[in-house]
Amino acid sequence: FFRSLRGSNPTAPRSNHTTMPPTPRVDATDYHSGQHSGRMVRVTGKLLSVEGDRAQLEMSGGGAPAAVVFNDASLAAEFDASLVGSGHFEVIGTLQGDATLQAAQVVNLGTNFDMGMYGEMLSVSKRFPHMFA
Amino acid sequence: GGRERTKAAANRDIVSSIMYGGGAFGGYDAGGFGGGGQFGGDQFGGDQFGGGGGFVAGGGDQFGGQAYQQGSQGAAGGFNVDNSGPDGKAKNAKEKQSLLPVTIKQLKNAPSAASGEQNFTVDGHELHQVTIVGLIMTAEEQNTNLQYTIDDGTDDIIVKMWVDQESEELMVQRRAEWREGKVVRVVGQLRMFNNSRSIVAYNIQPLADFNEYTFHFIEAVHSHLRLTKGKPPAAAAAGGAPLAYGGAGAPGGAGGAPPQPALLSVQQQVLEYFKQFGEHSEAGCTIAQCHEAMAASGVSLEQIRNEVNQLVGDGHLYSTIDDDHYKGI
C-alpha cells in the first residue's frame with residue numbers, strides 16, 4: 001500500500017476540507033522552468049532508465065527528462081527494469097531545486113499509454129485554468 | 001475524409017467547431033474526422049485503443065457513443081452522454097439523465113443552483129450525475145459506507161459509497177480494487193454537508209486503460225465548451241443586448257444561473273481565431289481580419305488589439321511581419 005500523503009498521522013480525523021494543495025500536471029517546459037521549485041507536482045512520462053533509487057521519465061513537450069528519486073523501496077519496486085522504454089508512470093512528488101523529483105506516489109500507467117494525446121490534453125488544459133490547477 | 005490530420009489539428013478543430021458552430025469561417029468540415037481509432041465508449045476496458053485516430057466531434061454531443069461500458073467486472077449500466085438541444089441547453093427530461101464529465105476543481109467551485117441547496121450548476125447547467133477520474137489518496141471503511149479521498153490533479157474531494165447491503169465477497173473485492181494508489185472513475189452526485197462538498201458515488205470503477213485518464217480531461221473540456229457555446233455570434237448580436245462573457249468560471253453568481261449560457265471570453269475567442277487561421281500563412285492573420293471575423297460580437301478593433309497585446313505578453317501569440325500580423329505559438 002502506498003504511504004498516505006495526508007501527513008505523518010494517518011489515524012488523525014480527516015478534515016472534509018482540502019488538506020493538500022492540488023498537484024498540477026507539468027510538462028517538460030514547466031518542470032524545468034523553476035516556477036514549481038519546492039512544490040508538489042504531477043509528472044507523467046515514459047520510463048527511460050532505472051538505476052538504484054533513481055529513474056528517468058521522458059515527459060511531454062520534449063526537453064530533458066525528469067529525474068525521479070525515490071527513498072521508499074515500495075515505490076522503487078514499481079520501476080521494473082523490464083519496463084524501460086515501454087512503461088509509463090505518473091509520479092507525484094516534490095520538485096527540488098536541482099530539478100530532481102522526490103517521489104511520494106507513483107501510478108503505473110501501463111505500456112500502451114499514449115503520450116502524444118497526454119501532451120495535447122496538457123496544453124489544452126492550460127487554457128482553462130478554472131477547470132484545472 | 002482522406003485528409004491527414006495531426007492530433008493537434010484535430011483537437012483545435014474540436015474547439016473551433018464547437019465555438020463557432022462548425023464551418024462558420026469556412027475551411028473545416030463540421031462533421032466527424034473519421035479515420036481509425038475513434039474513442040468509442042466501449043473501447044475502454046479493452047485493448048482496442050486504436051492508434052493515431054482523430055476524435056469523434058462534429059455536432060458537439062457525439063463523444064464516442066452513448067454508453068460507458070465499464071470494464072470486465074460486469075456492467076455498471078449504460079450512461080447517456082448529455083444530449084443538449086441546439087442552443088446548448090439540455091431539454092428538461094434529458095437533463096435528468098445527463099452525466100457530466102468534470103474536474104474536481106469544477107465541482108468544488110460550482111455555485112448552488114437557484115432550485116435548491118443540494119443542487120449545483122456547472123457552466124449554467126444544473127448538475128445531476130457527474131463523473132470524475134482520479135487517484136485514490138486515502139481509503140477508509142466505516143460501518144455503512146466506504147469513504148475515499150480522490151485527487152485528479154485539479155483538487156481533491158471526499159467520495160462516499162454506501163455499502164450496508166453488500167455481501168462479504170463483494171466487500172473483499174472492493175477492498176482489493178479501491179485502494180490508495182488506484183486510478184478510478186467515479187459516477188455520482190455532488191452533495192454538500194456542513195459546508196463541505198463530497199460525492200455520493202453510484203459506481204466506482206478502476207481503470208483498465210489509462211488513456212481513459214487522459215481522455216476524461218479532454219472530455220471535460222469538450223463538455224465545458226459545448227455548454228458555454230451559446231448562440232452563434234450573428235444571432236446573438238441581432239438581439240441587441242451586450243453579450244455576456246463568462247468563460248472564466250461561475251455563471252451569474254449568487255443570484256442563480258443566467259438564462260443564457262455564457263460565451264467564451266473575448267480573449268479566448270481572439271486566441272482561437274489566430275491559432276486556427278494564423279496557420280495558413282507565414283505571416284499569420286491581421287488584427288483587422290480577426291475583427292471582421294468577430295464583427296457580429298460587437299467587439300471593437302481596439303479591444304481586439306488589447307487582447308492581442310495581452311496574449312502576446314502571456315506568450316500565446318507572436319507578431320510576424322509587423323504589428324498587425326500575429327500567429328499562435
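Basis of the calculations
- Residues numbered from 1 in each chain as written.
- Chains lettered and ligands numbered in written order.
- Predicted model: local features only at pLDDT ≥ 70, side-chain atom pairs only at ≥ 80, totals over all residues.
- Heavy atoms only, no water.
- Helix = DSSP H or I, 4+ residues; strand = E, 2+ residues; numbered from the N terminus.
- Buried < 20%, exposed > 50% of the residue type's maximum accessible area, 1.4 Å probe, protein only.
- Contact = heavy atoms within 4.5 Å.
- Areas by Shrake-Rupley, 256 points an atom, 1.4 Å probe, with all protein chains shown as cover.
- Phe/Tyr/Trp six-rings, centres within 6.5 Å; stacked < 30°, edge-to-face > 60°.
- Lys NZ or Arg CZ within 6 Å of the ring centre and 35° of its normal.

> Sorry, what's going on with the overall build of chain A here?
Of the regular secondary structure elements, chain A holds three helices and six strands. Counting from the amino terminus, helix and strand elements in chain A follow one another as β-α-β-β-β-α-β-β-α. Out of the 133 residues in chain A, the part that is buried amounts to 47%. Long-range contacts, defined as pairs at least 24 residues apart, comprise 56% of the intrachain contacts of chain A with a sequence gap of at least 6. Accessible surface computed for chain A: about 5,900 Å², of which carbon and sulfur atoms make up 53%.

> Sorry, what's going on with the packing of aromatic side chains here?
Two numbers describe a pair of aromatic rings. These are the distance of the centres and the angle of the planes. Counting across every chain of the model gives eight aromatic pairs over all chains. A centroid spacing of 5.9 Å and a plane angle of 55° characterise the contact between Phe132(A) and Phe217(B), whose relative ring orientation is tilted. Of the two residues, Phe132(A) sits in the segment after helix H3 (115-125) while Phe217(B) sits in helix H5 (residues 211-228), which places them in two different chains. The class of Phe132(A) is buried, set by a relative accessible area of 7%. Classification of Phe217(B) as buried rests on a relative accessible area of 1%. Connected via pairs of aromatic rings, a cluster forms that spans Phe70(A), Phe79(A) and Phe89(A). Of note, Arg25(A) hangs over the ring of Tyr213(B), and the distance from its end group to the ring centre comes to 5.0 Å.

> Explain the environment of Leu311(B) to me, please; I cannot follow it from the model alone.
All names here are of chain B. Tracing the sequence through the fold places Leu 311 in helix H9 (residues 301-313). Sequence-wise, Leu 311 and Gln 267 are 44 residues apart; in three dimensions their C-alpha atoms are separated by 7.8 Å. If sequence neighbours within four positions are ignored, Leu 311 has contacts with Gln 267, Val 270, Leu 271, His 316 and Leu 317.

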